[in-house]
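Take a look at the letters that make up each chain.
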Amino acid sequence: MPDNPILETGERRINEAVCIDTKRIFDSCVSKDCLEDLRVTFFSRSQRLIDEAVTIRTRDCTIEEVSIDVEEVPFNRGFYSVDITFYFKLCFDTYASPCTTPQVAVGFAQFNKKCILYGSDGNVKVFVSNPTSEALDCPVAPQYTNPVAKVQAVDPVILATDICDSCDCNVSVCSSFPQSILNSIEDTMPSCGASKAILVTLGLFSIVQMERDAQILIPAYDYCIPDRECNCNTSNPCETFQSIDFPVEEFFPVDRDNNSCSPCQPDCDN
């Protein structure tokens, strides 16, 4: 019997079994959070626009930064506590009077959540060769096989925006932000004497995974050799443009319930 037998699996043939070093997901969870009444923090210029506005409209909300901290759970071996802090950037269109051009006010909000996931055990120190350190006769610090948390999230959905008097708002203002956020703001002076406060309600979808380095045996079919030639014809841009398919989906949205498509599509079933 040969050392590397070829196994038949449908139309593909497994040439051999290979061992790879990769990240293995030991545990994961899905979250659907409704974040009610998050107070938005504004700096001096944006807060002044909010105070002077008669009408405020929320333009968009994006995830600017995510802070992740992983700690081992005491007396529960193999489990880890994941503390996650989301930092949101919100843009508001402020109108000082009716029928005027809006001014954009930028604010930030944060949300904290915690979950416990299984990450297995392992106290191995990993040393990796480094040509730079070898040339300088400098040892490389070892890497520990502790699990790492990975957070996947989409920009939140804006569900509601409320305006209230700053003195009547019982939600505290966040005063601590990552340096990367502060570097992106031109005016970082704290706002003093604010008269209005903004509370937003957001819908957040996220996935949290606990990963660890592992050696896994997988089937190998063949090397990934591309079977398509590169198109390097850039002499005539109009010909290149003509070869691009018309984006029908951008003009005629597909109805998922009825599985209908535009009559302009050539491959639409009758």
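Further up the page is the structure itself.
Draft legend 1. View of the pairing of strand β12 (residues 196-220). Sheet analysis places strand β3 (residues 16-39) next to β12, joined by 21 bridges and oriented antiparallel. Directly across from Cys29, in β12, lies its bridge partner Val208. Of the strand pairs in this sheet, strand β11 (residues 157-165) and β12 are connected by 8 bridges, and their pairing is antiparallel. Looking at the pairing, Ala160 lines up with Thr201 of β12.

Draft legend 2. Local environment of the nonpolar core. Leu38, Phe88, Leu90, Phe92, Ile198, Val200 and Leu202 are the most contacted members of the largest nonpolar core, which totals 29 residues. Contributions of two or more residues to this core are made by β3, α1 (44-52), β5 (55-72), β6 (79-95), β7 (103-118) and β12. In terms of residue count, β6 provides more of this core than any other element does, 7 residues in total. The contacts of Ile198, once residues within four sequence positions are left out, are Leu38, Arg39, Val40, Phe42, Ile50, Ile56, Phe92, Thr161, Asp162 and Ile163. Of all hydrophobic cores here, the second largest spans 6 residues; its members include Tyr87, Phe108, Phe177 and Ile181.

Draft legend 3. Quick peek at the packing of aromatic side chains. Taken as a whole and judged by the stated rule, the model has 7 aromatic pairs. Their ring planes at 55 degrees and their centres at 6.5 Å tell us that Phe43 and Phe177 sit as a pair that is tilted. Of the two residues, Phe43 sits in the loop between β4 (41-42) and α1 while Phe177 sits in the loop between β11 and α3 (179-183), which places them 134 residues apart along the sequence. In this pair, the class of Phe43 matches that of Phe177, namely buried. On the numbers, 5.2 Å between centres and 65 degrees between planes, the contact of Phe79 with Tyr118 is edge-to-face. Of the two residues, Phe79 sits in strand β6 while Tyr118 sits in strand β7, which places them 39 residues apart along the sequence. Classification of Tyr118 by relative accessible area gives partly exposed; the value is 31%. An aromatic cluster of three or more residues is present, and its members are Phe43, Tyr87, Phe108 and Phe177.

The rules we used
- Residues numbered from 1 in each chain as written.
- Predicted model: local features only at pLDDT ≥ 70, side-chain atom pairs only at ≥ 80, totals over all residues.
- Heavy atoms only, no water.
- Pairing = 2+ DSSP bridges.
- Helix = DSSP H or I, 4+ residues; strand = E, 2+ residues; numbered from the N terminus.
- Core = buried A, V, L, I, M, F, W, Y, C linked by side-chain atoms within 4.5 Å.
- Buried < 20%, exposed > 50% of the residue type's maximum accessible area, 1.4 Å probe, protein only.
- Contact = heavy atoms within 4.5 Å.
- Phe/Tyr/Trp six-rings, centres within 6.5 Å; stacked < 30°, edge-to-face > 60°.

Fair warning: the whole summary comes from geometry, so function is off the table for now.
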